[in-house]
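Observations on the three-dimensional arrangement
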Amino acid sequence: MKKQIIFYNISFWLLAISTFFFSLHIFSYYTGGDQKFYIDFYNAISGVEFNEVKSIAYDEISASEPLSLLVLWLGSSIFSLDKVIWISLLNSVFIVLLYRFLTKNNTPMIVVV
């Protein structure tokens, strides 16, 4: 039982850290195409009030989904993080939540990893 807990903790942190750095690496090269507009939008909402974000989003990227706008605004305006770092952090959180869900539901480790 103790070995399983140690394995779980080590794999948990390795997964989070490796996902973060993998995302950093990939997203630092992914700047063309539609990402150019999303990067411009992310930079445009830095320092603005949240009630202004929806109109900027509609003008910049023709988007209006409030949850994604809130998440991007939090990274840009509240935490003042670069988009690549913010999205890499979010990717790490999502993969860790997925990992926890799968292990909690007794999914075989070969599937989880």
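This write-up is about the structure you can find in this document. (Residues numbered from 1 in each chain as written. Predicted model: local features only at pLDDT ≥ 70, side-chain atom pairs only at ≥ 80, totals over all residues. Heavy atoms only, no water.)

The next point concerns the environment of R100. Tracing the backbone through its elements, the reader meets R100 in helix α5 (residues 83-104). Given the relative accessible area of 40%, R100 is considered partly exposed. Once the C-alpha coordinates of R100 and F12 are considered, the two residues, 88 residues apart in sequence, prove to be 8.2 Å apart. With residues near it in sequence (within four places) discarded, R100 still touches Y8 and F12. (Helix = DSSP H or I, 4+ residues; strand = E, 2+ residues; numbered from the N terminus. Buried < 20%, exposed > 50% of the residue type's maximum accessible area, 1.4 Å probe, protein only. Contact = heavy atoms within 4.5 Å.)

F41, I45, V48, V53 and L72 are the most contacted members of the largest nonpolar core, which has 15 residues in total. Where this core is concerned, the elements lending two or more residues are α2 (34-44), α3 (50-61), α4 (66-78) and α5. No other element matches α3, which puts 4 residues into this core. With near-sequence residues (within four places) excluded, F41 lies in contact with V53, I56, A57, E60, I61, L69 and L72. (Core = buried A, V, L, I, M, F, W, Y, C linked by side-chain atoms within 4.5 Å.)

Let's shift gears to α2. For an α-helix the count is 3.6 residues per turn, leaving residues at separations of three or four pointing the same way. Among the residues of α2, those classed as buried are Q35, F41 and Y42. Each buried residue of α2 lies within a common arc of 120° when the element is viewed along its axis, so the set occupies one face. Structurally, α2 contributes buried residues whose contacts are with α3, α4 and α5. (Arc of directions from axis to C-beta.)

Our focus in this paragraph is the side chain of S92. Here S92 shows up in helix α5. Of note is the side chain of S92, whose polar atom sits 3.0 Å from the backbone oxygen of A16. When residues no more than four places from it in sequence are discounted, the contact partners of S92 are A16, T19 and F20. (Polar contact = N/O pair within 3.5 Å; in protein donor to acceptor, adjacent residues only side chain to side chain.)

Bringing the environment of S62 into the picture now. Relative to the helices and strands, S62 resides in the loop between α3 and α4. Taking relative accessible area as the criterion, S62 reaches 60% and is therefore assigned exposed. A C-alpha to C-alpha distance of 13 Å links S62 and Y42, two positions 20 residues apart in sequence.

Relative to each other, α3 and α4 sit at 115°, their axes nearing to 10 Å. Relative to α4, the element α3 is oriented roughly perpendicular. Here α3 runs over α4; the crossing is right-handed. On α4, the residues that touch F50, V53, K54 and A57 of α3 are P66, L69, L70 and W73. Its residues placed into classes, the contact of α3 with α4 shows 7 nonpolar, no polar and 1 charged. (Axes fitted to C-alpha atoms, helices over the stretch in contact; angles between N-to-C directions. Parallel < 35°, antiparallel > 145°, perpendicular 65-115°, else oblique. Left-handed = near helix turned anticlockwise from the far one by under 90°. Nonpolar A, V, L, I, M, F, W, Y, C, P; charged D, E, K, R; others polar.)

The next thing to look at is α3. The terminal C-alpha atoms of α3, which comprises 12 residues, lie 16 Å apart, in line with the 16 Å expected from a rise of 1.5 Å per residue. Every buried residue belonging to α3 is among V53, I56, A57 and I61, and all of these are buried. Down the axis, α3 shows its buried residues gathered within 110° of arc, on one side only. Away from its buried face, by an angle of more than 90 degrees, α3 presents the exposed residues N51, K54, Y58 and D59. Trailing α3 by a residue or two, S62 shows a phi angle of about 55°, which is positive. (Expected span 1.5 Å × (residues − 1).)

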